[in-house]
Amino acid sequence: AKTGDKITVSFTSDEALDEDTVIATILGQSATVTNTGGNNWKAEYTVAGTETEGAAAFTIAFSDLAGNAGTAVDETDVTDASAVNVDYTAPTTTV
């Protein structure tokens, strides 16, 4: 990802979540969290260009409708082997 790119983390809960308790960060910044239907969610953040290059870290914290806090998840919990790297470095070549 580079400056201006939107990073999206999609996730699914095993039960209904209290929308007001779903908090996500991407690259250490607050992400916009949206319920996309049922137990499906997404967190989005647009790269500002000041973040550190490398793997895009994220965290997601949440509670269910009864107020039970779930175990927060992060990039180490990804189940589909996907990842995003932040890279501002232009390529070079030699002749």
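**Q** Got a sec to walk through the overall build of the protein chain? Specific residues and values, please.
**A** The helix and strand tally for the protein chain stands at 0 helices and 9 strands. Helices (α) and strands (β) of the protein chain occur, in sequence order from the N terminus, as β-β-β-β-β-β-β-β-β. With respect to the principal axes defined by its C-alpha atoms, the protein chain has extents near 65 × 25 × 20 Å. Carbon and sulfur atoms make up 49% of the accessible area of the protein chain, which amounts to about 6,200 Å² in all.

**Q** Give a detailed account of the sheet that holds strand β1 (residues 6-12), specifying residues and quantitative values.
**A** Read from one edge to the other, the open sheet built from 3 strands follows the order β1-β5-β4, with strand pairing classed as antiparallel. At either end of the open sheet lies a strand with only one pairing partner, and these are β1 and β4 (32-37). Here the strands of the sheet are splayed against their neighbours by 25° on average, with no regard to which way each runs. With 5 bridges connecting them, β4 and strand β5 (residues 40-46) associate as antiparallel partners. Across the sheet, residue Gly37 finds its bridge partner in β5, namely Asn40.

**Q** Residues and numbers for the pattern of salt bridges, please.
**A** Applying the stated criterion to the full structure yields 2 salt bridges. The partner of Lys2 in a salt bridge is Asp5, and the shortest N-O contact between them spans 3.6 Å. Asp5 gets classed as partly exposed once you look at its relative accessible area, which sits at 27%. Residue Lys42 is joined to Glu44 by a salt bridge in which the shortest nitrogen-to-oxygen separation is 3.6 Å. Of the residues examined, Glu44 reaches a relative accessible area of 17% and is grouped as buried.

**Q** I'd love a proper account of the pairing of strand β7 (residues 58-61), names of residues and values included.
**A** Side chains of β7 alternate between two faces, with Phe58 and Ile60 buried and Thr59 and Ala61 left unburied. Both β7 and strand β8 (residues 73-74) contribute to a ladder of 2 bridges, which runs antiparallel. Across the sheet, residue Ile60 finds its bridge partner in β8, namely Val73.

**Q** Outline the sheet that holds strand β2 (residues 23-26), listing residues and values.
**A** Within the open sheet, the 4 strands sit side by side as β3-β2-β7-β8. Their pairing is antiparallel. Single-partner strands in this sheet number two, and they are β3 (29-30) and β8. Both β2 and β3 contribute to a ladder of 2 bridges, which runs antiparallel. Residue pairing in the sheet places Thr25 in a bridge with Ser30 of β3.

Rules and cut-offs
- Residues numbered from 1 in each chain as written.
- Predicted model: local features only at pLDDT ≥ 70, side-chain atom pairs only at ≥ 80, totals over all residues.
- Heavy atoms only, no water.
- Helix = DSSP H or I, 4+ residues; strand = E, 2+ residues; numbered from the N terminus.
- Areas by Shrake-Rupley, 256 points an atom, 1.4 Å probe, with all protein chains shown as cover.
- Pairing = 2+ DSSP bridges.
- Axes fitted to C-alpha atoms, helices over the stretch in contact; angles between N-to-C directions.
- Salt bridge = Lys/Arg side-chain N within 4 Å of Asp/Glu carboxyl O.
- Buried < 20%, exposed > 50% of the residue type's maximum accessible area, 1.4 Å probe, protein only.

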